[in-house]
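Close look at the chain arrangement
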Amino acid sequence: MSATEKTVAVVREMAAAMEEHRRHLTKLDSEIGDGDHGNNMHRGFGAALERLEGAEPATPADALKAVSMALISKVGGAAGPLYGTAFLRAATALAGKKDPSPEDVAEALEAAVGGVKQRGKAEVGDKTMVDALQPAAGAAKEAAASGGGAGEVLRAAAEAANEGSETTVPLTARRGRANYLGERAVGHMDPGARSSYLLLDAAARALGA
Ligand SMILES: Nc1ncnc2c1ncn2[C@@H]1O[C@H](COP(=O)(O)OP(=O)(O)OP(=O)(O)O)[C@@H](O)[C@H]1O
Ligand SMILES: [Mg+2]
């Protein structure tokens, strides 16, 4: 399978995960937001996959760019533009690479997180997807440095994102809708942090890790 085909397989697995976990993500968002996150993500990744299957991307970067465009145009609210930015930054980081190395994959993830932080002005501890994505990028970099393949890099990222999503539970929020809830957000996991974990887990699984 070419790297481009693998990228499409990753997105297919992500779309399946958003379908499978739609209700759970919506439940999390109904506890501290407006209850649309599962539907937003499901709609967005469905559109992304549709766009990809019609697009015949030539490189992994082309595929990620198509996903970005679909997310930005089909998902309203906070998460669409944020994830759209993440995929666009990842595409830019991988531009011109036909067969990205594990280090390239880790760098693309780091670029994606940087885009989310810049666009959403969130830092670790604000109870957002950044709490999952930032440690994921760190773990990915370490895994690549110690010789892991792309699948292992994404698996390490997913595990760190899983732990990162758990760390959002006791927090109050400083960004997004949950910010208006003050102490009432305590005890609930941030839906965007959870979807970040689910997306990385899907990516790792698509690469057999
Ligand atoms: N400024 C931000 N920076 C990073 N992540 C954010 C920010 N604002 C929201 N999020 C993430 O987006 C998630 C909510 O996504 P969702 O799809 O529910 O959009 P939304 O907040 O309902 O959008 P809107 O309020 O505009 O309808 C949160 O759980 C959080 O992880
Ligand atoms: Mg919402």
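Now for a look at the structure at hand.

Here is what the cut-offs are and how they apply
- Counting restarts for each chain: residues are numbered from 1 in the order of the written sequence.
- To label them, take the chains in the order written and letter them from A, then take the ligands in the order written and number them from 1.
- For this predicted model, a pLDDT threshold of at least 70 governs which residues receive local features, and a threshold of 80 or more governs which side-chain atom pairs are given and counted, while totals over whole chains, interfaces and linings are taken from all residues.
- The rule is simple: place the C-beta atom from the backbone, and if it lies within 6 Å of a molecule or strand, the residue is near it.
- Numbering of helices and strands starts at the N terminus; helices are DSSP runs of H or I of at least 4 residues and strands are runs of E of at least 2.
- We call a residue exposed when 12 or fewer other C-beta atoms sit within 10 Å of its C-beta, buried when the count reaches 20 or more, and partly exposed for counts in between; the C-beta positions come from the backbone.

So, about the site of ligand 1. Taken together, 24 residues are adjacent to ligand 1, and Gly77, Ala79, Gly120, Gly176 and Gly192 come closest. Where the shell around ligand 1 is concerned, the elements lending two or more residues are helix H3 (37-55), helix H5 (79-93), helix H6 (102-120) and helix H9 (191-206). In terms of residue count, H9 provides more of the shell around ligand 1 than any other element does, three residues in total.

Now for unusual backbone geometry. Located in the positive-phi region is glutamate 56, a residue other than glycine, with phi close to 45 degrees. Tracing the backbone through its elements, the reader meets glutamate 56 in the loop between H3 and helix H4 (60-74). One non-glycine residue, lysine 121, lies in the positive phi region at around 55 degrees. Topologically, lysine 121 is positioned in the loop between H6 and helix H7 (130-145). Given 12 C-beta atoms within a 10 Å radius, lysine 121 is considered exposed.

The quantities given are spatial measurements derived from coordinates; they are silent on function.
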